[in-house]
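Now for the letters of each chain:
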Amino acid sequence: MERPKARILVCLVLAACLGSAIVCAQDPFTLVHQPNINTLAPGGDAPVLVAPGRPDLVAVMHPSLSAVGPMLATGSGGVSVLPSLALGAMPTAAIAADVDGDGQSELVVITAAGKRIMILERTEADTLLFIQQIQLPGVPTAIAAGDLDGDGSIDLAVTLIDLAGFAIAFNDGTGTLALEPTITGVITPAGIAIGDFDRDEVNDLAISSELTDRVSIWLGDGAGVFTSESQSLATGRRPRHLMATDLSRDARDDLVVTLNSAGSIERFDADENGALISQGRPFVGQQPTRVRVVDLDQDTRPDLVVSLAGEEGYTLLRNAEDGLVVQEVTTPERTFDVSLPDLDADGLPDFIATTSTALQAYPALNRTPSLGPRCPGDTNGDLFVDAEDFLMMLVAFGSPAEPPNDGADLDGDGFVGVSDFFSVLVAFGSVCGDN
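Along each chain, numbering runs from 1 in the same order as the chain's sequence is written. Local features are withheld for residues below a pLDDT of 70 in this predicted model, meaning they are given only at 70 or higher, and side-chain atom pairs are given and counted only at 80 or more; totals for whole chains, interfaces and linings count all residues. Neither water nor hydrogens contribute to the side-chain values; these are computed over all heavy atoms in the structure.

This part is about the pairing of strand β23 (residues 264–270). Note on classification: 1.4 Å probe, protein chains only; a residue is buried when its accessible area is under 20% of the maximum for its type, exposed when over 50%, partly exposed between these limits. Only DSSP runs of H or I with at least four residues qualify as helices, and only runs of E with at least two residues qualify as strands; both kinds are numbered from the N terminus onward. With respect to burial, β23 is a largely interior element, seven of its seven residues being buried. Neither face of β23 is left uncovered, since the one carrying S264, E266, F268 and A270 and the one carrying I265, R267 and D269 both have all their residues buried. One ladder, built from five bridges, connects strand β22 (residues 254–259) with β23; its direction is antiparallel. By the bridge assignment for β23, V256 is matched with R267. From the end of β22 to the start of β23, which pair antiparallel, there are four residues, and G263 there has a positive phi angle of about 70°. Note that β23 and strand β24 (residues 276–278) share three bridges and pair antiparallel. Considered in β24, the bridge of F268 is made with S278. Between β23 and β24, which follow one another and run antiparallel, lie five residues, and G274 among them has a positive phi close to 90°. In this analysis, strands are considered paired if DSSP registers two or more bridges between them.

The strand order β25-β26-β27-β28 describes an open sheet built from four strands, whose pairing is antiparallel. Strands at the two margins of the open sheet, each flanked by one partner only, are β25 (288–294) and β28 (323–330). Ignoring strand direction, the axes of neighbouring strands in this sheet form an average angle of 20°. Working convention: axes come from line fits to C-alpha atoms, limited for helices to the stretch in contact. Angles between N-to-C directions cover 0 to 180 degrees.

Listed as buried for helix α3 (residues 418–427) are D420, V424 and A427. Along the long axis of α3, the arc covered by the buried residues comes to 85°, so they all point the same way. Of the residues in α3, the exposed ones pointing more than 90 degrees away from the buried face are V418, F422 and V426. Buried-residue contacts for α3 involve α2 (387–396). The arc in question is traced by the directions running from the helix axis to the C-beta atoms. For this analysis, residues touch if any pair of their heavy atoms sits within 4.5 Å.

A few words now on the nonpolar core. Within the largest apolar cluster, 17 residues are counted, with the highest numbers of intra-cluster contacts made by V108, I117, I119, I143, L156, V158 and L177. Sequence-distant contacts of V108, defined by excluding residues within four places in its chain, comprise A93, A94, I95, A97, V99, I117, M118, I119, I143 and L156. Nine residue types can take part in a nonpolar core, namely buried Ala, Val, Leu, Ile, Met, Phe, Trp, Tyr and Cys, and a core is a set of them joined through side-chain atoms within 4.5 Å. Of all hydrophobic cores here, the second largest spans 15 residues; its members include V294, Y314, V338 and A353.

Another point: α2. Regarding α2, the residues found buried are A387, E388, D389, F390, M393 and A396. Between the side-chain oxygen at the start of α2 and the backbone nitrogen of E388 there is a gap of 3.2 Å, and the oxygen is on D386. Of the residues trailing α2, G398 is marked for its positive phi of about 85°. Throughout this description, a polar contact denotes any pair of N or O atoms lying within 3.5 Å of each other; where both atoms belong to protein, one of them has to be capable of donating a hydrogen while the other can accept it, and for residues adjacent in sequence the pair is counted only when both atoms sit in side chains.

Laid out in structure tokens, this is it:
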């Protein structure tokens, strides 16, 4: 919450000098909450199944019913709750992945009691159909999808807590998966992510261990072989859910970890040698459970959505040029997961928060005004032309476009001059997407 508070303070100071025309928004994202959705049971993971030319389908896990409850986006901001489907065992976690390569997401579920991976296909009638089940040798805790052997098809990697390791199910290219022997060496594995962490254009694995407060990196060779732990990252307390994404847009996968006991996330950026370096642990709220990666404002930068099991709401983090901007969203109950379907067919991801305690889900529409990259007059990329842009222009005026003043070179001529200053004056007080 530091940057929004700082923005307000700057605005108050300049308002006394320049008048009341100063506009300064607290939150980087605009949400419009919708009526609550009644569900059959409390919800868990809720991945979004995408199909070309069809509305998004949200698959809400109902652990207490050992079932999945589909919700279909209406295109007008709501959902239609579809009949639930019995899974036969309590779902532990679920993801969406295009396993058969047809451009449509399948639902991939793991069950601890049944020790299985279940793959369900979305039909033309928007029902879910079992297409494959894989028996596991141990109890699964997390699953990730990606190409792990370089053949272009989506494979699955699953952590097995009682075996202190993980297993990989390789795809034969037609959607049929075959499980390989378990690889051991990770104590109490809790989360898993797939990404290219050493810049060799081959996917690797990151696995969190809650007991040891570490994340281990296993490097892939491109043919499906993973070497023993190549890097061990010390984290904050109880690392759990992992996501790999290029937050810094430097063509290197970074890693985001939820720290359940610390109430924060930890971000690791890959350096030029492929080593992951911690970039700090911003506080996001009590007991973060899941982190989702999505571009909420279409500025080409991936943003983060963190669900919170310890308080009523979830946290949004805008990936701005100068750091992560935190925004808190309040819901009536504690959240287990935040799903990101397009509910109103405007091309922007919206929100459905599921809770493990209530028979409701909480939708909100994404009304963030920015529909593209930085707008004229926005020197710092925060989507507002406000007091911060004015101050940056005053400081940088007359200087070459070099860090930290390069953002003030709005016309791209390599120099912060009159035309740049004029752009701020003309757009002052506006919101990106409106000017």
